[in-house]
Amino acid sequence: MAALPDISAITDWIEAHGKTVDILKWLILLLVAWGTGLFRFIHSKLRTPRATIDESASRCLVEEFAEFQGYKNVVRATFLVEVGLLNLTSERIVVRHFSLAVLRRKAWRAWKPELVALSLPSRPRLQTGSGEKMLPSWFSNFQDDFHFLTLTGSVEPKELSSGFLLFVCFSGGNWTPRISDDHIKVKARVQLTTEETYSVSGRVKVVRDPAKFEQWVPGIIAHINHDSTWGATR
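Residues numbered from 1 in each chain as written. Predicted model: local features only at pLDDT ≥ 70, side-chain atom pairs only at ≥ 80, totals over all residues. Heavy atoms only, no water.

Participant: What is the right way to read the overall build of the protein chain from this model?
Facilitator: Helix and strand counts for the protein chain stand at 4 helices and 13 strands. Summing over all exposed atoms, the protein chain offers an accessible surface of approximately 14300 Å²; the carbon and sulfur share of this is 57%. (Helix = DSSP H or I, 4+ residues; strand = E, 2+ residues; numbered from the N terminus. Areas by Shrake-Rupley, 256 points an atom, 1.4 Å probe, with all protein chains shown as cover.)

Participant: Is there a simple way to think about the pattern of salt bridges in this case?
Facilitator: Side-chain pairing between opposite charges can occur once the charged atoms of the two side chains come close. Scanning all chains against the criterion turns up 7 salt bridges. Here Glu114 makes a salt bridge to Arg189, at a shortest N to O gap of 2.8 Å. Within this pair, whereas Glu114 is found in the loop between strand S3 (93-102) and strand S4 (115-116), its partner Arg189 is found in strand S12 (residues 183-192), the two being separated by 75 residues in sequence. For Glu114, a relative accessible area of 7% gives the class buried. Looking at Arg189, the relative accessible area reads 30%, which means it is partly exposed. (Salt bridge = Lys/Arg side-chain N within 4 Å of Asp/Glu carboxyl O. Buried < 20%, exposed > 50% of the residue type's maximum accessible area, 1.4 Å probe, protein only.)

Participant: What's the story with the environment of Val200 in this structure? I'm lost.
Facilitator: You can see Val200 is positioned in strand S13 (residues 197-207). Along the primary structure Val200 and Gly84 are separated by 116 residues, whereas in three dimensions their C-alpha atoms are 9.6 Å apart. Once residues lying within four places of it in the same chain are set aside, the contact partners of Val200 are Ala51, Thr52, Ile53, Val186, Lys187 and Ala188. (Contact = heavy atoms within 4.5 Å.)

Participant: Before we go on, may I ask you to explain the packing of aromatic side chains in this structure?
Facilitator: Any two aromatic rings considered together are summarised by their centre-to-centre distance and by the angle between their planes. Enumeration over the complete set of coordinates arrives at 6 aromatic pairs. A centroid spacing of 6.0 Å and a plane angle of 50 degrees characterise the contact between Phe98 and Phe139, whose relative ring orientation is tilted. Of this pair, Phe98 sits in strand S3 while Phe139 sits in the loop between strand S7 (137-138) and strand S8 (150-151), and the two are 41 residues apart along the sequence. Looking at Phe139, the relative accessible area reads 34%, which means it is partly exposed. Where Phe213 meets Trp216, the ring centres are 5.6 Å apart and the plane angle is 75 degrees; that geometry is what we call edge-to-face. (Phe/Tyr/Trp six-rings, centres within 6.5 Å; stacked < 30°, edge-to-face > 60°.)

Participant: Got a minute to help me understand the pairing of S3 in this structure?
Facilitator: Put simply, side chains in a regular strand alternate between the two faces of the sheet. A large share of S3 lies buried, amounting to 8 of its 10 residues. Both S3 and S12 contribute to a ladder of 7 bridges, which runs antiparallel. Residue pairing in the sheet places Ser99 in a bridge with Arg189 of S12. Sheet analysis places S3 next to S4, joined by 2 bridges and oriented antiparallel. In the strand pairing of S4, Ser99 is matched with Val116. (Pairing = 2+ DSSP bridges.)

See below:
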């Protein structure tokens, strides 16, 4: 059996330098406290707001025109996208505005320009059997009894606010959205009143039946037929 090491020299040194040992213990405690605080600080910084997009609920109505006001091969893409903001912080945050970047057919700056969110003509809704479910939307107000479904932009700590937004892209040539497997790639961007910006990417399913889109948002076809909704960009 191996002999135990002689630690008498260490114990003698500790006894002879009591004040030094006390200082070292305090330094170690301060180092541990500093390290714990640093990790807590880093952890808090990582808990930032997060943008979300519900791909299963989002849709895009694509209409193709051989000629429109002298322009050839024009496409109108109407995006009804559910965008959310998850507030992981301990403070209330407020949304300033939303925008949507659409992947276009052009090779250079394919994500520009970004579309501006427009007001909706009515509340989005979902047909469930013989019933109808009203869905939340951002900012748009309507004369009905569902005011609680209008999201104001204020998101409380540890909460998720998610609602529908309308974007319309009316363009031709290489400026039209790039459609792949009946989906269009998009990037939703959320800017807060404090100037922070958060974005999320997703794929929106393409539909080509205006009547179906009209069921989701009554009055949408007449709404997007007005030229004030065409291609509002940043």
